Amino acid sequence: MPNTASFSRRDFLAASAFACTAAAATTRTARADEPSVEEQDGGPQLIDCHLHINHYDRSIDDTIRHMDGTGTTQAFILPLETGEGGVTLKSETVLHSFFQYPDRIIPFCQTDIRRPDALDRVRAYHLLGCRGIGEQKEHLPLGDKRVEAVIALCDELNWPITIHFQDGAGGYNQGIADHLETYLKRYKQVRMIGHAQTWWANISADVPPPEESLYPTGPVKPGGLLDRLMGDYPNLYADLSAGSGFNALSRDEDFTAGFLERHRKQILFGSDCPCRDGKGENFNGVCYSMQLQKFLKRMIPDEAALADVFFKNAQRALNGPLESSL
Ligand SMILES: [Zn+2]
Ligand SMILES: [Zn+2]
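Residues numbered from 1 in each chain as written. Chains lettered and ligands numbered in written order. Predicted model: local features only at pLDDT ≥ 70, side-chain atom pairs only at ≥ 80, totals over all residues.

Draft legend 1. Quick peek at the sheet that holds strand S1 (residues 47–51). The three strands lie next to each other as S1-S2-S3, forming an open sheet whose pairing is parallel. The strands lining the two open edges of the sheet, one partner per strand, are S1 and strand S3 (105–107). In this sheet, neighbouring strand axes are inclined to one another by 25 degrees on average, regardless of whether the strands run parallel or antiparallel. The pairing of strand S2 (residues 74–77) with S3 spans three bridges and is parallel. (Pairing = 2+ DSSP bridges. Helix = DSSP H or I, 4+ residues; strand = E, 2+ residues; numbered from the N terminus. Axes fitted to C-alpha atoms, helices over the stretch in contact; angles between N-to-C directions.)

Structure (C-alpha cells):
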C-alpha cells in the first residue's frame, strides 16, 4: 500500500488539475439537455442502473461485452472503492472506462466517506464527468453524519445516490425504517435509489429480523415501507438489481403487478450481474439481466410503462425532476 495520506493528497490534486482540462470535454456528455437515448438511436433502449467492472474480475471490455450480449444501451457503472462487500472498483477506473466508451458508460463515483477529504474528492469526480454517487456501501449506519453528508452533497449537485441497505451485524446503512424518511423530508433534490436485501424486504409490511432472513419469501403483506415512501416521495427510486430485487418481485406476482403499476415512474431496471456475456458465463449459466428483462416483459404488458422502467426512469433519476418530461 502506498502512504495513504500523501497518495490521497497527490491523487486529489491530480484529479483536480485534470478536472480543469477534462471538464470542457466532459460537459457535452454530462449536460442535462442532451437528446434522450431514444433520439440518439432508434433501436430498443435499455439502461442498466447497476453494474460493476471488476465484478468476478470482469474487465472493462468484458463489461461492454455483457452490455452487448444483453441489449443494454448504457449502464450506470458503480465503483466500490473500499471493497466492502467483495468487489473493489476505483472511481478512476470508472472514469477511464467512460473516456473509452463515452456512449455506453454513465460514470458514478464513490469514495471512503470516513476519510476527511471525501467530499472534496466527490466534487473533483463531479468536475471529471461523474453523474452520481454509488454504490454507497460501507459499514456505517444510515443515521451516521458522514452518510448524511454525501446525501446532502448529492442534493446540492442535483445528483442521484444509490444506497445498499442491509440491516444486521456486518451490514450497510442499517436503519432504513428509522432514518430514510428523515432524509427524504430534508433533501428534496437528490434522487435516492434504494438497493439490496433490506430495501427489498420492506416491500412487505411483514419484515423478518435480518438474522432470520435477508431474503424473505412467500406472500407480501400490503402496506410496506416501500409503498408508503415511494408514494409520498417522488425522488425515491427502486433499483431492481441482483438476487434481492428478483426475489422480492417474484415472491408474490399478484402484489408485484400492482407495485410495478403504482410506482412505474420510480422503478429502475438494473442487474448487478457479474457475468461476461449475457449467458451466465462464469456465473452458473444465470444472467441477472436476461432473467429480469424476461420477467418484466411478462409482468408489464403496457409498452409505455415498460419504457419507463427500462430507460426513461433512469434518465429522470440522472437529470432530476426538471427533466421529468423526457
Ligand atoms: Zn452492486
Ligand atoms: Zn449477465
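So, next bit.
Draft legend 2. Quick peek at helix H9 (residues 225–232). Those residues of H9 lying buried are Leu225, Leu226, Asp227 and Met230. The secondary structure elements touched by the buried residues of H9 are helix H7 (176–186), strand S7 (236–239) and helix H11 (253–262). (Buried ≥ 20, exposed ≤ 12 C-beta atoms within 10 Å, placed from the backbone. Contact = placed C-beta atoms within 7 Å.)

Draft legend 3. Geometry of the nonpolar core. If you look at the biggest cluster of nonpolar residues, it comprises 79 residues, and the most contacted ones within it are Ile77, Val150, Ile161, Leu268 and Phe269. When residues of this core are assigned to their parent elements, the largest contribution, seven residues, is made by helix H13 (residues 303–319). Apart from the residues within four sequence positions on either side, Phe269 is in contact with Leu46, Ile47, Asp48, Cys49, Leu240, Leu292, Leu296, Val309 and Phe310. (Core = buried A, V, L, I, M, F, W, Y, C linked by C-beta atoms within 7 Å.)

Draft legend 4. Focus on H13. Taking 1.5 Å as the rise per residue, H13 with 17 residues should run 24 Å; its terminal C-alpha atoms sit 23 Å apart, in good agreement. At Val309, H13 shows its maximal bend, which comes to roughly 55 degrees. Here H13 lies mainly inside the structure; 13 of its 17 residues are buried. Looking one or two places after H13, you find Gly320, whose phi comes out positive at around 100 degrees. (Expected span 1.5 Å × (residues − 1). Bend = angle between axes of the 7 residues up to and from the residue.)

Draft legend 5. Focus on the pairing of S1. The buried count for S1 comes to five of five residues, which makes it a mostly enclosed element. As paired elements, S1 and S2 share three bridges and run parallel to each other. From the neighbouring strand, Leu51 faces S2, where its bridge partner is Ile77. Note on the crossover from S1 through helix H3 (residues 60–70) to S2: the handedness is right-handed. (Right-handed = clockwise from strand over helix to strand, strands pointing away.)

Draft legend 6. How the structure looks around the confidence of the model for the chain. Averaged over all residues, the pLDDT of the chain equals 89, while 85% of them reach at least 70. Across residues 1–10, confidence stays below pLDDT 50; counting only partners more than four residues off in sequence or on other chains, it has three contacts. (pLDDT = per-residue confidence, 0-100.)

Draft legend 7. Representation of the sheet that holds S7 in the model. Here we have five strands laid out as an open sheet, ordered S4-S5-S6-S7-S8, and parallel in their pairing. Looking along the sheet, the strands with just one partner apiece sit at the ends: strand S4 (133–136) and strand S8 (267–268). As defined by bridge partners, S7 adjoins S8 across two bridges and the pair is classed as parallel. Across the sheet, the residue bridging to Asp239 is Leu268, located in S8. In the packing of helix H6 (residues 145–157) onto the sheet, contacts are made with S4 and strand S5 (160–164), and the angle to S5 comes to roughly 155 degrees.

Draft legend 8. Fine view of the packing of helix H10 (residues 242–250) against helix H12 (residues 288–299). With their axes 11 Å apart at the nearest point, H10 and H12 run at an angle of 20 degrees to one another. For the element pair H10 / H12, the angle class is roughly parallel. Handedness of the crossing formed by H10 with H12: left-handed. Where H10 approaches H12, its residues Ala242, Phe246, Leu249 and Ser250 are matched on the opposing element by Tyr288, Gln291, Leu292 and Phe295. Partitioned by chemical class, the residues of the contact of H10 with H12 number six nonpolar, two polar and no charged. (Parallel < 35°, antiparallel > 145°, perpendicular 65-115°, else oblique. Left-handed = near helix turned anticlockwise from the far one by under 90°. Nonpolar A, V, L, I, M, F, W, Y, C, P; charged D, E, K, R; others polar.)

Draft legend 9. Main features of the packing of helix H5 (residues 118–127) against H6. As a packed pair, H5 and H6 sit with axes 11 Å apart at the nearest point and diverge in direction by 30 degrees. Judged on the interaxial angle alone, H6 and H5 are roughly parallel. Where H5 crosses over H6, the handedness of that crossing is right-handed. Facing Leu119, Val122 and His126 of H5, the residues of H6 in contact are Ala149, Val150, Leu153 and Leu157. Considering only residue class, the contact of H5 with H6 consists of six nonpolar, one polar and no charged.

Draft legend 10. Molecular detail of the pairing of strand S6 (residues 191–195). The buried fraction of S6 is high, at five of five residues. Residues of S6 alternate between two faces, with Arg191, Ile193 and His195 on one and Met192 and Gly194 on the opposite face, all of them buried. In the classification by handedness, the crossover that spans S5, the intervening H7 and the parallel S6 is right-handed. Pairing geometry for S6 and S7, over three bridges, is parallel. Paired with Gly194 across the strands is Ala238, a residue of S7.

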